[in-house]
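Spelled out, the chains give:
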Amino acid sequence: MAQAPAAPKLKRAALRAATALVGPGVARDGAALLPSERAALDLRLARKGHPWRPAQEVIFLIPLVGPAQVGDWPAVTARLRTTLQSLIAQTDPRWRALVCCQERPEMPDDPRILFLPFDDPTPGNDKWRKLAALTGHLGHIATDPAYVMSFDADDLLRSGAVSEMLSAQAKGGYLAQTGFVMDHATGDVALAARPTLALPLRKPFWKLCGSCAALHHYPALPQSQAFLQEMTQHEHRMFPYLAALAGQTLTPLKDPAVLYVLNHGENFGARRGRVGFKTRFVQRFRIDDPATLAALHQEFPAP
């Protein structure tokens, strides 16, 4: 299973306009719709007249690259443990993490951390198949409404992020508009954020990193799980569009929520040759202010 292609921007605008004009019930029957777009409109229809209920927890879905696909498995599992430590350090303990891999890695002893075995032998990049397995398993672990967030196994979550989500209870979910990007090779850190009129233009965090969106999931509606399964087959740049199409506009998190670490040797993006422009981004927007860097190290475990 390969990553699902993104919808062209013009088509996205046209479908959103058609949905507003004729309604999701008519718009969903378009022949050119992607499976994710149809799933989004199905969820939008299913949620109509269904009472919204607050999320009780945040569930992180973590696809982990298998040992046969990497050069340094101990280093990969060490980074996963740091990622999980950033969850354990959350000020609000109402979270769970589900890790999917061919081999069970060494993980912290915490009942909130679950493991999903993956045994699909199909060759090639299996990240998208693991995400499909993770979202497909939601029905076995999620009985109450929750925020569901796909999360890379080498990213770090700010210590107050779960608390912010469960306190504010955004109806559609959350988007990491701002976040930090670190070049592991140099130790430099940059802030990704919504661009302003100042040049050079920044990029919002969700355009750089897949650990960027937490969607409100309602287990009572099968369309909710089906939509999450289709949405996570796309690159992260499609997440805000698809969420809005499903009637779940994402609310920006107030503080930089995620630390994305580049150039540590086993990045998924590096295996696709797509890290160079992000390295340049870090250098262009490098943070030099000591107070900002000190606050960052308080909020995130050392990568």
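Here we summarise the structure given alongside this text. Predicted model only: the values in this text are computed from it and were never measured. (Residues numbered from 1 in each chain as written. Predicted model: local features only at pLDDT ≥ 70, side-chain atom pairs only at ≥ 80, totals over all residues. Heavy atoms only, no water.)

This part takes up the sheet that holds strand β10 (residues 251-252). Strand order in this open sheet of 7 strands is β3-β2-β1-β4-β9-β6-β10, and the pairing throughout is mixed. Single-partner strands in this sheet number two, and they are β3 (113-117) and β10. Note: strand β6 (residues 173-175) against strand β9 (residues 213-217), 3 bridges, orientation antiparallel. When the bridges of β9 are listed, L175 appears paired with A213. (Pairing = 2+ DSSP bridges. Helix = DSSP H or I, 4+ residues; strand = E, 2+ residues; numbered from the N terminus.)

Before going further, it helps to spend a moment on helix α4 (residues 73-88). For α4, which comprises 16 residues, the first-to-last C-alpha distance of 22 Å matches the rise-based estimate of 22 Å (1.5 Å per residue) to within 8%. Regarding α4, the residues found buried are W73, V76, T77, R79, L80, T83, L84, S86 and L87. Considered in projection along α4, the buried side chains sweep an arc of 165° and stay on one side of the axis. Residue D72 occupies the N-cap position of α4, its side-chain oxygen lying 3.1 Å from the main-chain nitrogen of A75. (Expected span 1.5 Å × (residues − 1). Buried < 20%, exposed > 50% of the residue type's maximum accessible area, 1.4 Å probe, protein only. Arc of directions from axis to C-beta. Polar contact = N/O pair within 3.5 Å; in protein donor to acceptor, adjacent residues only side chain to side chain.)

With that out of the way, let us pick up the pattern of salt bridges. Counted according to the given criterion, the structure contains 13 salt bridges. The shortest N-O distance in the salt bridge between D29 and R28 comes to 3.0 Å. Under the relative-accessibility criterion, D29 is labelled exposed at 54%. D152 is paired through a salt bridge with K127; the nearest N and O atoms lie 3.2 Å apart. Residue D152 is found in the loop between β4 (146-150) and β5 (156-157), and its partner K127 is found in helix α5 (residues 127-136); the two are separated by 25 residues along the sequence. Using a relative accessible area of 14% as the deciding quantity, one classes K127 as buried. (Salt bridge = Lys/Arg side-chain N within 4 Å of Asp/Glu carboxyl O.)

Right, let's get into empty space enclosed by the protein. Under the definition given, this model contains 1 cavity of 30 Å³ or more. Of the voids in this model, the largest cavity is the one considered here, and its volume is about 40 Å³. Contributions of two or more residues to the lining of the largest cavity are made by β4, β9 and α8 (222-231). For the lining of the largest cavity, the element with the most residues is β4, which contributes 3 residues. Residues that form the lining of the largest cavity fall into these classes: 7 nonpolar, 3 polar and no charged. (1 Å grid on protein atoms, 1.4 Å probe; cavity = no way out; pocket = protein on both sides within 12 Å on 5 of 7 lines; lining within 4 Å. Points joined across faces, edges and corners; volume = space filled by probe spheres on them. Nonpolar A, V, L, I, M, F, W, Y, C, P; charged D, E, K, R; others polar.)

Below, the discussion takes up the environment of S224. With respect to the element layout, S224 can be found in helix α8. Sequence-wise, S224 and L157 are 67 residues apart; in three dimensions their C-alpha atoms are separated by 24 Å. In this structure, S224 is in contact with L43, R47, H216, H217 and Y218, ignoring residues within four places of it in sequence. (Contact = heavy atoms within 4.5 Å.)

Right, let's get into the side chain of Q248. With respect to the secondary-structure elements, Q248 resides in the loop between α9 (239-245) and β10. Of note is the side chain of Q248, whose polar atom sits 3.0 Å from the backbone oxygen of H216. Those residues in contact with Q248, other than ones at most four positions away along the chain, are L43, R47, G172, L215, H216 and A243.

Moving on, we come to a nonpolar patch on the surface. Side chains of L21, V22 and V26 sit close together on the surface and give an oily, nonpolar patch of about 320 Å² of accessible area. Structurally, the position occupied by V26 is in helix α2 (residues 24-27). Note on V26: relative accessible area 52%, which makes it exposed. (Patch = residues over 30% accessible without salt bridge, like charges linked within 9 Å, V, L, I, M, F, W, Y side chains within 5 Å. Areas by Shrake-Rupley, 256 points an atom, 1.4 Å probe, with all protein chains shown as cover.)

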